[in-house]
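Structural characterization, general
Each chain is listed here by its residues.
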Amino acid sequence: MSSIKGPSSAQFDGSSLRIAIVHARWNKTVIESLVAGAINKLKACGVKDSNIIVQSVPGSFELPFACSKMIAGSYVQAATSSRDLLGLNFGGSSTSLPSNKEPSAPTPTLADMPNAPFDAVVAIGVLIKGSTMHFEYICDSVSHALMRIQIDTGVPVIFGVLTALTEDQALERAGLGRGADKGHNHGEDWGLAAVEMGTQSKRWAEGKFL
């Protein structure tokens, strides 16, 4: 019998979106599969390679800090790029007299920077319960912090943190199950959720609710 779990299907166009993925490095095998699944679905929805930014942190506890800083930094990038395009930054131009020297290669300027902040952030981590209370403390603090970030910033933060009781549970949720049934890669769901929430957030901000 098929499972009833998971969202109903809906297709959104991500071609105009800029998405960040922040992932922990603990439990590398599972993490890599989840990140790959998320990226595959972002691309399938039309998100451009150049608009998918991937960063890593040591563990899941560091995810909220990284998400917060990346969201803030993307607004700085967008503002700086906008000023440059308006001609407020001249890329180090000089008024010195011309010389006979060979022209040097152009230095990249801030005009090359993206002109839009992130539309959504996917936070990916893998927590597997051990023999102490460490698991419970991290799960609770990370989930609450990620929720607070999206409320405070207005940027959707997709909760991609597996909270597994065993290694097998984590592997199955990354599509890497040891048995005949490999399970389902939840990273794919998180990629789709990022596109949907990024799209919907833009629409809602414009007062469009149809």
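Residues numbered from 1 in each chain as written. Predicted model: local features only at pLDDT ≥ 70, side-chain atom pairs only at ≥ 80, totals over all residues. Heavy atoms only, no water.

Convention followed: UniProt positions are given in the numbering used here, feature names are shortened, and annotations may be inferred rather than shown by experiment.
As annotated in an unreviewed UniProt entry, the protein chain carries the name 6,7-dimethyl-8-ribityllumazine synthase and comes from Suillus plorans. Checking UniProt for the protein chain, the heading Sequence similarities (unreviewed entry) contains the comment "Belongs to the DMRL synthase family." The record held by UniProt for the protein chain lists under Pathway (unreviewed entry) the comment "Cofactor biosynthesis; riboflavin biosynthesis; riboflavin from 2-hydroxy-3-oxobutyl phosphate and 5-amino-6-(D-ribitylamino)uracil: step 1/2."

**Regarding the sheet that holds strand 3 (residues 120–128)**
What counts, and what does not: What makes two strands pair is DSSP finding at least two bridges between them. Helical segments are the DSSP runs of H or I of at least four residues, strand segments are the runs of E of at least two, and each set is numbered from the N terminus. Lines are fitted to the C-alpha atoms to define the axes, a helix being fitted only along its stretch in contact, and any angle between axes, read from their N-to-C directions, falls within 0 to 180 degrees. Throughout, a contact is declared for two residues whenever any of their heavy atoms are within 4.5 Å.
The strand order 2-1-3-4 describes an open sheet built from 4 strands, whose pairing is parallel. The sheet is open, and its two edges are formed by strand 2 (52–57) and strand 4 (157–164), each paired on a single side. Here the strands of the sheet are splayed against their neighbours by 15° on average, with no regard to which way each runs. Strand direction decides the pairing type here: strand 3 and strand 4, joined by 8 bridges, are parallel. Counterpart to Ala 123 in the pairing with strand 4 is Phe 159. Set on the sheet, helix 3 (residues 134–153) makes contact with strand 3 and strand 4; between it and strand 4 the angle comes to about 170°. Along the sheet face, helix 5 (residues 186–205) touches strand 1 (19–24), strand 3 and strand 4 and points at about 155° away from the line of strand 4.

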